[in-house]
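Coordinates in review
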Amino acid sequence: MEINPWSSAQYADYSRLREQFGIQALQPDDWEQLPRPPSFFRRGIVFGHRGFGLIRQAILAGDPWALLTGLMPSGRMHLGHKMVIDQIIYYQSIGADVFIAIADIEAYATRGYTLEEAERLAIQEYVTNYIALGLQPCTIYFQSRHRDVKNLGYLLGKKANWSEVTAIYGFNGATNMAHVLAPLIQCGDILHVQMEKYGGARPTLVPVGVDQDPHIRFCRGVAAAHRLFNVTVAKDGRIGVFVKPDEDVARLLDLAAQVISGRGLTMKRLDRYKAVYLPDASPEDIPALDLALAREEQEHGAYGFLSPSSTYHRFMTGLTGGKMSSSKPESAIFLTDTPAEAKKKIMAAKTGGAVSREEHKKHGGQPESCVVYEMFLYHLIDSDRELADIYRRCRSGEQMCGDCKKMAVCLMESFLVEMQEKRAAAAEQVGDYVVWDEG
Ligand code: TRP
Ligand code: SF4
């Protein structure tokens, strides 16, 4: 299986995907201690991660951390797009420093939008809805208008080569160069928040759909490649700080020793191995040490970016089966749909009900392959008890699809009406969020 961030395939088998690409499963241990665990954790909507432990630690310790994610302004905003903003709003409420990139350059390079179209869609659809959904002031910017992001994208490319990007993205001789640069601009997005000017080195969470994992892997690699130090468990099990460049090793080892001193750790410096070993350090000491070293690197003119952490959420099934997509209006509920439009789509939606009413009563339905149930699960029903009840009644044949649909129509109507009401005020507030020219 291949993950291609620009294709629109569906990834039904999430655990296989995880195993194949080395994505970690997100377990209750990862989120149970966080404040008011939201339904996207409890219900496995966010199913995997890379390096979420760093974020969890920062949250629990009250240390600074950042969140950056991006949106591709292509088409109208639908329910599938709402999943990421639900997460952003939660993380913002527990202290994340939030940045949102509008990928207008990427939309231009890979989807054929003009920057003007991308801008209009981004503001009218995404940003306005985000604010209406409850996003508090934060930094929203356009790739094309952010000098630091673009510079960083270009400069970070120094440590990525053609074989690497062709292996990850399948680029070939016919790929246009703006497209080739898109993954680097995305690295610029993700890593610029760790520049001193934007808050400095700190854990950074990138919540995305799993189609974005190639970009995350690439970015983690690029961030690591620009580091001067590497803190790791060596083959013999000892923890050590290793100098990566081959020049200036003695001075860098001095620097490492300086950062380590005062932490109550024994040091054994071996210039020959470009290392300072820490015989009594434990793996739990690594993150704090790594962060201190990254900050020191920045003091000395290097990038010093921690590799970003990521989480992956599931995709939403379209109302007609397949994928929920803006290019197929009947498959999606748009946040700007009227209740009547939504009703029509929901009434026509594919359920997990049996072929006939009699069959359904006798054998029950299949909520796990029902789009209406999915809407309850992802968006419409907050109470776990109520949801479990519908699940059970569906399986036993007590719950009828018609009743579910009526309920979905009703809940969706109140949601859409509320959105409609809030959007007018939200449109006035866009200026408090969007930074037009930065860097
Ligand atoms: N590539 C993302 C998409 O296709 C958009 C994006 C741009 C992004 N920059 C980002 C996502 C940074 C996460 C982080 O939707
Ligand atoms: Fe879906 Fe409800 Fe029908 Fe079950 S009864 S298949 S949950 S619509």
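Located above this text is the structure these notes cover.
Residues numbered from 1 in each chain as written. Chains lettered and ligands numbered in written order. Predicted model: local features only at pLDDT ≥ 70, side-chain atom pairs only at ≥ 80, totals over all residues. Heavy atoms only, no water.

Let's talk about the overall build of the protein chain
Worth spelling out the cut-off: What counts as a helix is a DSSP run of H or I of at least four residues, what counts as a strand is a run of E of at least two, and both are numbered from the N terminus. The atom set for the radius of gyration is the C-alpha atoms, and the globule formula is 2.2 Å times the number of residues raised to the power 0.38. The rule is simple: take the accessible area with a 1.4 Å probe, protein chains only, and divide by the maximum for that residue type; under 20% is buried, over 50% is exposed, in between is partly exposed. In this description, contact between two residues means that some pair of their heavy atoms is separated by no more than 4.5 Å. Only the protein chains shown count as cover for residues, with accessible areas throughout obtained via the Shrake-Rupley method and a probe of 1.4 Å. For the charge count, each Lys or Arg is scored as positive and each Asp or Glu as negative, with His and the chain ends excluded. Charge positions are represented by NZ for Lys, CZ for Arg, CG for Asp and CD for Glu.
The number of helices and strands found in the protein chain is 18 helices and 12 strands. By the compact-globule yardstick of 22 Å for 439 residues, the protein chain fits well, its C-alpha radius of gyration being 24 Å. In terms of overall dimensions, the protein chain has C-alpha extents of about 80 × 45 × 45 Å along its principal axes. Put simply, the protein chain has 439 residues, and 53% of those count as buried. Sequence separation of 24 or more characterises 74% of the internal contacts of the protein chain that already satisfy a separation of 6 or more. A total accessible area of about 19600 Å² is found for the protein chain, and carbon and sulfur atoms account for 50% of it. Across the protein chain, the 49 positively charged side chains and the 54 negatively charged ones have centroids separated by 4 Å.

Describing the site of ligand 1
Note the cut-off: Summary of the distance rule: residues count as near a molecule or strand when at least one heavy atom falls within 4 Å of that molecule or strand. Distance and chemistry together define a polar contact, namely a pair of N or O atoms within 3.5 Å, with one atom able to donate a hydrogen and the other to accept it when in protein, and with adjacent residues in sequence counting only for side-chain atoms on both sides. Note on definitions: the grid is 1 Å and covers protein atoms alone; a cavity is a set of points where a 1.4 Å probe fits but cannot get out; a pocket is an open set with protein on both sides within 12 Å along at least five of seven lines; lining residues have an atom within 4 Å of a point. Placement in a cavity or pocket follows one criterion, namely that more than half of the molecule's atoms lie within 2 Å of its grid points. Residues are grouped as follows: Ala, Val, Leu, Ile, Met, Phe, Trp, Tyr, Cys and Pro are nonpolar; Asp, Glu, Lys and Arg are charged; every other residue, Gly included, is polar.
Around ligand 1, the structure places 13 residues, and the nearest of them are Gly70, Glu106, Gln186, Asp189 and Gln212. Within the side chain of glutamine 186, one N or O atom sits 2.9 Å away from a nitrogen atom of ligand 1. Protein coverage of the free-state accessible area of ligand 1, which is 370 Å², stands at 92%. For ligand 1, the cavity whose grid points lie within 2 Å of the majority of its atoms is the largest pocket. Of all the secondary structure elements, the ones that give two or more residues to the shell around ligand 1 are strand E3 (66–71), helix H10 (177–192) and strand E6 (204–209). Among the residues forming the shell around ligand 1, the class breakdown is six nonpolar, five polar and two charged.

Here we look at the packing of aromatic side chains
Counted only if it meets this: Under the pairing criterion, centres of Phe, Tyr and Trp rings, with the six-membered ring standing for Trp, must be within 6.5 Å; the plane angle then separates stacked pairs below 30 degrees from edge-to-face pairs above 60, leaving the rest tilted. Comment: the charge-over-ring label is applied if NZ (Lys) or CZ (Arg) is within 6 Å of the ring centre and within 35 degrees of the ring normal.
Throughout the structure, instances matching the rule amount to 18 aromatic pairs. Both rings, one in tryptophan 31 and one in phenylalanine 41, keep their centres 5.8 Å apart while their planes meet at 5°; by these two values the pair is stacked. Of the two residues, tryptophan 31 sits in helix H2 (residues 28–31) while phenylalanine 41 sits in helix H3 (residues 39–42), which places them 10 residues apart along the sequence. A single burial state applies to tryptophan 31 and to phenylalanine 41, both of which are buried. We note lysine 323 situated over the ring of phenylalanine 315; from NZ or CZ to the ring centre the distance is 4.8 Å.

What about empty space enclosed by the protein?
Here the idea is plain: a probe the size of a water molecule rolls over the atoms and shows the empty space left. Going by this rule: Grid points are joined across faces, edges and corners, and a volume is the space filled by probe spheres set on the points.
Considering all chains together, one arrives at one cavity of 30 Å³ or more under this definition. The computed volume of the largest cavity comes to approximately 110 Å³. Forming the boundary of the largest cavity are 15 residues, of which Cys370, Tyr373, Cys394, Cys401 and Cys404 lie nearest the centre. The leading source of residues in the lining of the largest cavity is helix H16 (residues 371–380), at three residues. Residues belonging to the lining of the largest cavity are distributed by class as follows: 10 nonpolar, five polar and no charged.

Description of the site of ligand 2
All residues in the neighbourhood of ligand 2 are listed as Thr351, Gly352, Gly353, His360, Cys370, Tyr373, Cys394, Gln399, Met400, Cys401 and Cys404. Among the cavities detected, the one that contains ligand 2 is the largest cavity.

A closer look at the nonpolar core
Here is the rule we go by: The set of buried Ala, Val, Leu, Ile, Met, Phe, Trp, Tyr and Cys residues whose side-chain atoms join them within 4.5 Å is what this entry labels a nonpolar core.
One finds Tyr91, Leu135, Phe376 and Met412 to be the most contacted residues of the largest nonpolar core, which totals 74 residues. If we skip the residues at most four places from it in the chain, methionine 412 touches Leu79, Ile333, Ala342, Ile346, Met375 and Leu380. With 37 residues, the next largest nonpolar core counts Tyr169, Leu184, Ile190 and Leu191 among its residues.

Concerning the packing of helix H9 (residues 162–169) against helix H11 (residues 213–225)
Test applied: The axes used here are C-alpha line fits, helices contributing only the stretch in contact, and every angle between their N-to-C directions lies in the interval 0 to 180 degrees. Any angle that falls under 35 degrees is termed roughly parallel, while one over 145 is termed roughly antiparallel, one within 65 to 115 roughly perpendicular, and all others oblique. Whether a crossing is left-handed or right-handed is set by the direction in which the near helix is turned from the far one by less than a right angle, anticlockwise for left-handed and clockwise for right-handed.
Two numbers describe how H9 lies on H11: the axes approach to 10 Å, and their chain directions differ by 155°. With respect to each other, H9 and H11 are oriented roughly antiparallel. The handedness of the crossing between H9 and H11 is right-handed. Along its contact with H9, which presents Glu164, Val165, Ile168 and Tyr169, the element H11 presents Pro214, His215 and Phe218. Here the residues of the contact of H9 with H11 sort into five nonpolar, one polar and one charged.

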